[in-house]
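Notes for the structure review
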Amino acid sequence: MSLAIVLSRAQQGVAAPEISVEVHIWGGRPALSIVGLPETAVKESKDRVRAGVQNVGFEWPQKRIIISLAPADLPKEGGRYDLAIALGVLVASEQIHAPSLADHEFLGELGLNGELRPCRGVLPAALEAREARRTLVVPVACGAEASLVEGCRVRVANHILEVVRYLRGEGNLGTPEQPAPAPRVYPDLADVRGQHQARRALEVAAAGGHNLLLFGPPGTGKTMLAIRLPGILPPLSEAEALETAAVASVSGAGFNPAHWRRRNYRAPHHTASAVALVGGGSHPKPGEISLAHHGVLFLDELPEFDRRVLEVLREPLESGRIVISRAARQAEFPARFQLIAAMNPCPCGYHGDREGRCGCGPGQIERYQRKVSGPLLDRIDLHVRMARVGAAELQSMQPGEATERVRERIIAARDHQLARQDAANALLDAAATARHCKLAKPEAALLARAVDRLGLSARACHRIQRLARTIADLSGAPLIKAPHLSEAIQYRQLDRRRYAA
């Protein structure tokens, strides 16, 4: 009677809880059972593992085998436990002796010929293995992703026989090379001619991490500006890059190491469902808002989204996370994204156009704008109207300021924020807003008048203060002055224009 314990990692949201693969072999009629809430792919692993073990020259024990995946109350899915199960069977049947087994964790699907195949969620497992101070053994195809976790001991193998020789002390496994990040390639802000107020709003939004809504007739450059936002954002920190990569790692598409330290830009179509936006499924996967973590979520044609879909954005816009609950499990994903939205002012798109082409009545305009609820609009810091520029005027304009020059100012402002409060201005809570966005008496009176005139909520009032703090940071001012506050107030354009005919 023999028992072997091999360590592995599960996937639960962006967490990777430890799994003990316990293999017990004793006499009796040959049989194999897997317990511990295994799902279909895990149950099928017994056939893959048996074939893989036999095809590389080992014997399959003709005894009763029970495999327990502990803890038993955590659902297990995928083929990620194949390698650990195979090694457990070989150790429990005394076909290999592995004295260093307890110092390692194993992930990987096993082919029928003994080859190791990749699995999802390797990066979160590498983070946990580093904390546990164990060596993580993964397939070669997963090595580059696992190597991104600085301080984690990672070993890679193509075949189970390589792992067996390594555990026997007969050879070493390979060490992956950390991939070089792909160069930042973003459209240049210099391509945007005119639209000075919208360009300024984009710069302010980038400097403080604020949400932005652009509204105006078709063809005014709303999408053109939104696409250029990632290029002017500050570089990701090491912690932010790991969080972003961890979300991608557990998604259906997986993580591409060439995208390391690149801010994500997600632009779902307006037909997207609530599940597509926030994530879900029987095995919860991250949605668009989590895939935009520490990046940009662009929602074009905002009123065309189903209203119920838009309303699910309200909680993650405040909390920076989304919790997906199912009957059998719960998964939490980070969702600290920067929202950029674009919309037309009316159904035909030309309300307020200087050529007077709009044929929509006041009722139509009101119904169209009401598709975006007040509570959601309240959570967007800047509302900026973009006017159409004529063709002749556009040709005569000089190119705008280049991305790199704008980005330098934004990085300087963001660095100042991090040094002062260890967070971007948009992320300050009420107490931190009161501490870092103080207003002198004249500025406080100016804000009070604006709140009364526009009927702003307390949330909008705090957002204006944080926005004014960002504008002051861009100008290098230590205190918020009236010009900074006035500029912040005038960005709340929909609060005064909304539902106007």
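1. Some words on the packing of helix H2 (residues 45-55) against helix H3 (residues 82-92)
Running from amino to carboxyl end, H2 crosses H3 at an angle of 60°, the nearest separation of the two axes being 10 Å. Put simply, H2 runs oblique to H3. For the element pair H2 and H3, the recorded crossing hand is right-handed. Contact residues: H2 offers Ser45, Arg48, Val49 and Val53, while H3 offers Asp82, Ile85, Ala86 and Leu90. Here the contact of H2 with H3 is built from residues that sort into 5 nonpolar, 1 polar and 2 charged.

2. Topic: the layout of surface pockets
A volume near 760 Å³ is recorded for the largest pocket. Where the lining of the largest pocket is concerned, the elements lending two or more residues are helix H14 (314-319), helix H18 (403-421) and helix H21 (458-475). Across the lining of the largest pocket, the residue classes break down as 15 nonpolar, 8 polar and 11 charged. By volume, the second largest pocket amounts to about 530 Å³. In terms of lining residues, the second largest pocket is bounded by 31 residues, among which His259, Asn264, Tyr265, Arg266 and Leu291 are the most central. Of all the secondary structure elements, the ones that give two or more residues to the lining of the second largest pocket are helix H10 (238-250), strand E11 (265-266) and helix H12 (288-291).

3. Some words on the confidence of the model for the protein chain
Caution applies to low-pLDDT regions: their predicted coordinates should not be interpreted in detail. When pLDDT is averaged along the protein chain, the result is 92; 97% of the residues meet or exceed 70. Within the model, the stretch residues 497-501 combines pLDDT values under 50 with 18 contacts to residues more than four positions away or in other chains.

4. Describing the side chain of Gln195
When you line up the elements, Gln195 lands in the loop between helix H6 (160-168) and helix H7 (196-208). With a relative accessible area of 13%, Gln195 lands in the buried category. With residues up to four places along the chain from it excluded, the contact list for Gln195 reads Thr220, Met386, Ala387 and Val389.

5. A word on the packing of helix H20 (residues 441-454) against helix H22 (residues 482-490)
It is at 10 Å that the axes of H20 and H22 come closest, and there the two elements cross at 15°. Taken together, the axes of H20 and H22 lie roughly parallel to each other. In this structure, H20 meets H22 at a crossing whose hand is right-handed. Across from Glu443, Leu446, Leu447, Ala450 and Leu454 in H20, the residues of H22 making contact are Ala482, Leu485, Ser486 and Ile489. Residues belonging to the contact of H20 with H22 are distributed by class as follows: 7 nonpolar, 1 polar and 1 charged.

6. A closer look at the environment of Leu454
Note on placement: Leu454 falls in helix H20. When the C-alpha positions of Leu454 and Cys437 are compared, they lie 21 Å apart, and in sequence the two are 17 residues distant.

7. Some words on the packing of aromatic side chains
Scanning all chains against the criterion turns up 1 aromatic pair. Seen from their ring centres, Tyr265 and Phe298 are 6.3 Å apart, and the 25° between their planes marks the pair as stacked. One end of the pair, Tyr265, is in strand E11; the other, Phe298, is in strand E14 (residues 296-299), and 33 residues separate them in sequence. On the basis of relative accessible area, Tyr265 is assigned to the partly exposed category, the value being 28%. A relative accessible area of 3% means that Phe298 is categorised as buried.

Rules used throughout
- Residues numbered from 1 in each chain as written.
- Predicted model: local features only at pLDDT ≥ 70, side-chain atom pairs only at ≥ 80, totals over all residues.
- Heavy atoms only, no water.
- Axes fitted to C-alpha atoms, helices over the stretch in contact; angles between N-to-C directions.
- Helix = DSSP H or I, 4+ residues; strand = E, 2+ residues; numbered from the N terminus.
- Parallel < 35°, antiparallel > 145°, perpendicular 65-115°, else oblique.
- Left-handed = near helix turned anticlockwise from the far one by under 90°.
- Contact = heavy atoms within 4.5 Å.
- Nonpolar A, V, L, I, M, F, W, Y, C, P; charged D, E, K, R; others polar.
- 1 Å grid on protein atoms, 1.4 Å probe; cavity = no way out; pocket = protein on both sides within 12 Å on 5 of 7 lines; lining within 4 Å.
- Points joined across faces, edges and corners; volume = space filled by probe spheres on them.
- pLDDT = per-residue confidence, 0-100.
- Buried < 20%, exposed > 50% of the residue type's maximum accessible area, 1.4 Å probe, protein only.
- Phe/Tyr/Trp six-rings, centres within 6.5 Å; stacked < 30°, edge-to-face > 60°.

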